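Descriptive analysis of the structure
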Amino acid sequence: QGFALIRTHACALAPGDVRVVSGKTREFQGPPAMPFVPGGDVSGVVAAVADGEPRLRMGDAVVARFNGSPRGGLAEYTVVKTALTTIKPNGVDFCHAAAIASSGVAALVLAKMLNHGDRVLILGGSGGVGSDLVQLARRFGASFVAATSSDVQLVRRLGADDAVDYREHNVWELERYKREPFDVVIDLVGGGWHSARRCSASSPGILKCGRDGGRFWTLTPDTAWFEMHSIADAIRVFLAPALWRRVYTFFNRSIPRYQFVLALPEGHESRAELLALIESRALDVTLDPAGPFPFTTAGVRAAFDLQASRHARGKAVVSLFHNHLSSPACGSTSAAQRAAAR
């Protein structure tokens, strides 16, 4: 009860997949034993369900995120938790559906936290979460959206009002942003707080101070690739910095308010909302032009190498059913993706 077996059509990678394979967080994310099957965010067709399952039926096309730790997705068949599984509409192909299983949900959670009229800066606007968030931020009330990326053209095509190539410019020193500071900075890269905390009432920067509504949100600790083998490591990497900064900035309103956002809610409703947006063409999910990758040793290794590089443009997706973009499994490339490929 509570689980379903699906025939996997596509598996989308995320930073957690790289961490699990690396073994650097084994005591928390596994794997519990070797060998194991990596990959957590999947789409496919239901092959078996428990008697009495109220939502899913055999033959349903679905998308599901990992349960607990990302494992089991890169296989012809995988077991998914039904509470984390959503029916896929016919108008969304399997690769784009898998791509939003976790990353799209995180972007949606962040977008819904915005206030109407917020000026928003996204650090990492062309990654898996960022490429969705650039679009969703405006939909949920942002008046101005800027993003940092090494692919500023892609970010602008996705709807950003401004884009900054972080290799050429230090976004924290740009005078145009100091003249009109942001209400929210969303860090999808890691390490941005060290610059954000220098923005204060006495030394104005590109982010408003807390008393003026300035907020700093992040999904990652200061270092994106970290090791965590003990409770002490977990406290050092996650708990202590997040709690201290949250409490300190609650009382010290002269600097921006800090929040570490837990953006993977239980349930299937957020994925259903995103899939409806994709089907209506209100959300253009970006897959890295190098993929979808074939379900071969070389293909999976190439997908993991791209994810580990932290320079994927959109999502790195492995297609298990067909191995090219024109296939029924992965449909056609998005408008932004076709332009990027050119």
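Basis of the calculations
- Residues numbered from 1 in each chain as written.
- Predicted model: local features only at pLDDT ≥ 70, side-chain atom pairs only at ≥ 80, totals over all residues.
- Heavy atoms only, no water.
- Helix = DSSP H or I, 4+ residues; strand = E, 2+ residues; numbered from the N terminus.
- Rg over C-alpha atoms; globule rule 2.2 N^0.38 Å.
- Buried < 20%, exposed > 50% of the residue type's maximum accessible area, 1.4 Å probe, protein only.
- Contact = heavy atoms within 4.5 Å.
- Areas by Shrake-Rupley, 256 points an atom, 1.4 Å probe, with all protein chains shown as cover.
- Axes fitted to C-alpha atoms, helices over the stretch in contact; angles between N-to-C directions.
- Parallel < 35°, antiparallel > 145°, perpendicular 65-115°, else oblique.
- Nonpolar A, V, L, I, M, F, W, Y, C, P; charged D, E, K, R; others polar.
- Pairing = 2+ DSSP bridges.
- Phe/Tyr/Trp six-rings, centres within 6.5 Å; stacked < 30°, edge-to-face > 60°.
- Lys NZ or Arg CZ within 6 Å of the ring centre and 35° of its normal.
- Arc of directions from axis to C-beta.
- Patch = residues over 30% accessible without salt bridge, like charges linked within 9 Å, V, L, I, M, F, W, Y side chains within 5 Å.
- Salt bridge = Lys/Arg side-chain N within 4 Å of Asp/Glu carboxyl O.
- Core = buried A, V, L, I, M, F, W, Y, C linked by side-chain atoms within 4.5 Å.
- pLDDT = per-residue confidence, 0-100.

So, about the overall build of the protein chain. Each helix and strand in the protein chain was counted, giving twelve helices and 13 strands. At 20 Å, the protein chain has a C-alpha radius of gyration in line with the 20 Å of a compact globule built from 342 residues. Taken along the three principal axes of its C-alpha coordinates, the protein chain extends 60 × 45 × 40 Å. In the protein chain, buried positions account for 56% of the 342 residues. Taking contacts inside the protein chain between residues at least 6 apart in sequence as the whole, the part at least 24 apart equals 75%. Split by element, the accessible area of the protein chain, about 14900 Å² in all, is 54% carbon and sulfur.

Let us now look at the packing of helix H1 (residues 15-22) against helix H11 (residues 297-309). Contact geometry for H1 and H11: axes closest at 9 Å, N-to-C directions at 110°. Relative to H11, the element H1 lies roughly perpendicular. Only Phe 304, Gln 307 and Ala 308 of H11 make contact with H1, whose side of the interface consists of Pro 15, Asp 17, Val 18 and Val 21. Residues of the contact of H1 with H11, tallied by class, amount to five nonpolar, one polar and one charged.

Before going further, it helps to spend a moment on the environment of Val 37. Mapping Val 37 onto the fold places it in the loop between helix H2 (26-29) and strand E2 (41-49). Judged by relative accessible area, which is 33%, Val 37 ranks as partly exposed. If we ignore the near neighbours within four places in the chain, the residues touching Val 37 are Arg 71, Gly 72, Gly 73, Leu 74 and Ala 75.

Once that is clear, we can look at the sheet that holds strand E7 (residues 144-149). Spatially, E8-E7-E6-E9-E10-E11 is the arrangement adopted by the six strands of the open sheet, whose pairing is parallel. Looking at strand neighbours, the two that pair on one side only are strand E8 (162-165) and strand E11 (257-260), the edges of this open sheet. Shown here is a sheet whose adjacent strand axes are inclined to one another by a mean of 15°, direction ignored. Where strand E6 (residues 119-123) and E7 come together, five bridges link them in parallel fashion.

Next up on the list: the packing of aromatic side chains. Across all of its chains, the model carries seven aromatic pairs by this definition. Aromatic pair Trp 244 and Tyr 248: ring centres 5.3 Å apart, planes at 25°, arrangement stacked. Residue Trp 244 and its partner Tyr 248 are located together in helix H9 (residues 231-251), separated by four residues, close to a single helical turn. Taking the relative accessible area as the measure of exposure, Trp 244 reaches 56% and is therefore exposed. Each residue in the set Phe 144, Tyr 177 and Phe 182 is aromatic and connected to the rest through ring pairs, giving one cluster. Lying across the ring of Tyr 177, Arg 176 places its NZ or CZ 4.9 Å from the centre.

What follows deals with helix H10 (residues 269-279). Turning to H10, its buried residues are Ser 270, Arg 271, Leu 274, Leu 275, Leu 277 and Ile 278. Take H10 and look down its axis: the buried residues cluster within an arc of 160°, on one side only. Lining the buried residues of H10 we find strand E3 (61-64), strand E5 (85-87), helix H3 (94-99), helix H4 (103-112) and helix H5 (130-139). Two residues or fewer after H10 comes Arg 281, characterised by a positive phi angle close to 65°.

A separate point is a nonpolar patch on the surface. On the surface, Phe 28, Ile 231, Ile 235, Leu 239 and Leu 243 cluster together into a nonpolar patch covering about 470 Å² of accessible area. Looking at the nonpolar patch element by element, the count peaks at four residues for H9. A relative accessible area of 38% places Phe 28 in the partly exposed class.

With that settled, consider H1. Every buried residue of H1 is listed here: Gly 16, Asp 17, Val 18, Arg 19 and Val 20. Along its buried surface, H1 packs onto strand E1 (3-12), H2 and H11. Once H1 finishes, Gly 23 follows within two positions and takes phi at roughly 80°, a positive value.

Overall, the coordinates contain twelve salt bridges when judged by the stated rule. A salt bridge links Lys 112 to Glu 273, with the shortest nitrogen-to-oxygen separation between them at 2.7 Å. Taken together, the residues span a long stretch of sequence, with Lys 112 in helix H4 and Glu 273 in helix H10 at a distance of 161 residues. According to the relative accessible area criterion, Lys 112 is partly exposed, its value standing at 45%. A salt bridge links Arg 119 to Glu 180; its shortest N-O distance comes to 4.0 Å.

Core analysis: the biggest nonpolar cluster contains 50 residues, and Leu 110, Ile 122, Leu 133, Leu 136 and Ile 186 have the highest contact counts within it. It is H4 that provides the largest number of residues to this core, a total of six residues. Contacts of Ile 122, omitting those with residues within four sequence positions, involve Leu 133, Val 134, Val 145, Ala 146, Ala 147, Thr 148, Ile 186 and Leu 188.

Below, the discussion takes up the confidence of the model for the protein chain. Within the protein chain, residue pLDDT values average 88, and 94% of them lie at 70 or more. With pLDDT under 50 throughout, residues 323-327 is counted as low confidence; its partners more than four residues away or in other chains account for 13 contacts. Taken as a whole, residues 332-342 scores under 50 in pLDDT and shows 22 contacts with residues more than four places along the chain or in a different chain.

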